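# Secondary and tertiary structure notes
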Amino acid sequence: GTSLVECAAAADIVVVAVPWDAHAETVEQIRDAVRGKVVIDVVNPLAFDKSGAYAPPVPEGSAAQQAQTLLPDSHIVAAFHHVSAVLLADPTVETINTDVMVLGDDTASTKRVQDLVTLIPGMRGIYAGKLRNAGPVEGLTANLIAVNRRYKTHAGIGLTNVEEVAHAQA
């Protein structure tokens, strides 16, 4: 057990994986501890009503862009938005066949995150654009929630016709 700030300070790469309602407060708390570090933002701005999940508007455009605004001295990378937490937490699951869209403005940082993705058997990290494009990627999670509820599964994203490459340029 350690504090949030101590944990962020000790990490080489920091992952922000909190509910949307706690995003800004959490990111602000770690600002000094993550200067110069890669911060992977996996947060999906989601809201729920009687019709189900939906992506609410985010003034900055996306959770990742909000993080970039709040952490100007860090390298924000948006990734892992469509990976089932249930599958990741299940020790009996050996392979997760899904692609992870990786978005960021810094080539070296997105490459590091793509490399991390490949450590999980079955996953590919695919560069999917600059942070300004993170909003639609984050919002797609609401659609996956609908798919998962309807079909009783843990669906992910598969990108077709993308050949294996060392790294696409950011």
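Let us look at the structure shown here.

The rules behind each value
- Residues numbered from 1 in each chain as written.
- Predicted model: local features only at pLDDT ≥ 70, side-chain atom pairs only at ≥ 80, totals over all residues.
- Heavy atoms only, no water.
- Helix = DSSP H or I, 4+ residues; strand = E, 2+ residues; numbered from the N terminus.
- Buried < 20%, exposed > 50% of the residue type's maximum accessible area, 1.4 Å probe, protein only.
- Expected span 1.5 Å × (residues − 1).
- Contact = heavy atoms within 4.5 Å.
- Arc of directions from axis to C-beta.
- Polar contact = N/O pair within 3.5 Å; in protein donor to acceptor, adjacent residues only side chain to side chain.
- Pairing = 2+ DSSP bridges.
- Axes fitted to C-alpha atoms, helices over the stretch in contact; angles between N-to-C directions.
- Salt bridge = Lys/Arg side-chain N within 4 Å of Asp/Glu carboxyl O.

## Brief notes about unusual backbone geometry
At Lys-152, a residue that is not glycine, the phi angle is positive and equals roughly 50°. For Lys-152, the location among the structural elements is in the segment after helix 6 (134-151). A positive phi is found at Asn-161, a non-glycine position, where the angle reads about 60°. Of the residues examined, Asn-161 reaches a relative accessible area of 75% and is grouped as exposed.

## Describing helix 6
A rise of 1.5 Å per residue sets the reference length of helix 6, with its 18 residues, at 26 Å; its end C-alpha atoms lie 26 Å apart and thus fit the reference within 8%. As for helix 6, its buried residues are in contact with strand 3 (47-49), strand 4 (52-54), helix 3 (63-70), strand 5 (75-78) and strand 6 (98-104). Among the residues trailing helix 6, Lys-152 stands out with phi positive, at a value near 50°.

## Concerning helix 5 (residues 107-117)
Considered for burial, the residues of helix 5 that qualify are Ser-109, Thr-110, Val-113, Gln-114 and Val-117. What you see down the axis of helix 5 is that its buried residues fit within an arc of 140°, all on one side.

## Overview of the side chain of Asn-44
Structurally, Asn-44 can be placed in the loop between strand 2 (38-41) and strand 3. In this structure Asn-44 comes out as buried when scored by relative accessible area, which is 15%. Within the structure, Asn-44 has its side chain in polar contact with the backbone oxygen of His-81 (distance 3.3 Å). Within the structure, Asn-44 has its side chain in polar contact with the side chain of Thr-141 (distance 3.2 Å). Non-local contacts of Asn-44, meaning those with residues more than four positions away in its chain, are made with Trp-20, His-81, Glu-138 and Thr-141.

## Here's the deal with the sheet that holds strand 7 (residues 123-129)
Pairing within the open sheet is mixed, and its five strands lie in the order 1-2-5-6-7. The two strands at the open ends of the sheet, each matched to only one other strand, are strand 1 (13-16) and strand 7. Adjacent strand axes in the sheet meet at a mean angle of 30° when their direction is disregarded. Examined bridge by bridge, strand 5 and strand 6 share two bridges and lie antiparallel to one another. Bridge pairing links Val-77 to Gly-104 in strand 6.

## Section: the pattern of salt bridges
Within the structure shown, the criterion is met by four salt bridges. Taking the shortest distance from any N to any O, the salt bridge between Arg-124 and Asp-99 comes out at 2.8 Å. Residue Arg-124 is found in strand 7, and its partner Asp-99 is found in strand 6; the two are separated by 25 residues along the sequence. Just as Arg-124 is buried, Asp-99 falls in that class too. Here the salt bridges share partners, and the residues they tie into one network are Asp-32, Arg-35 and Asp-73.

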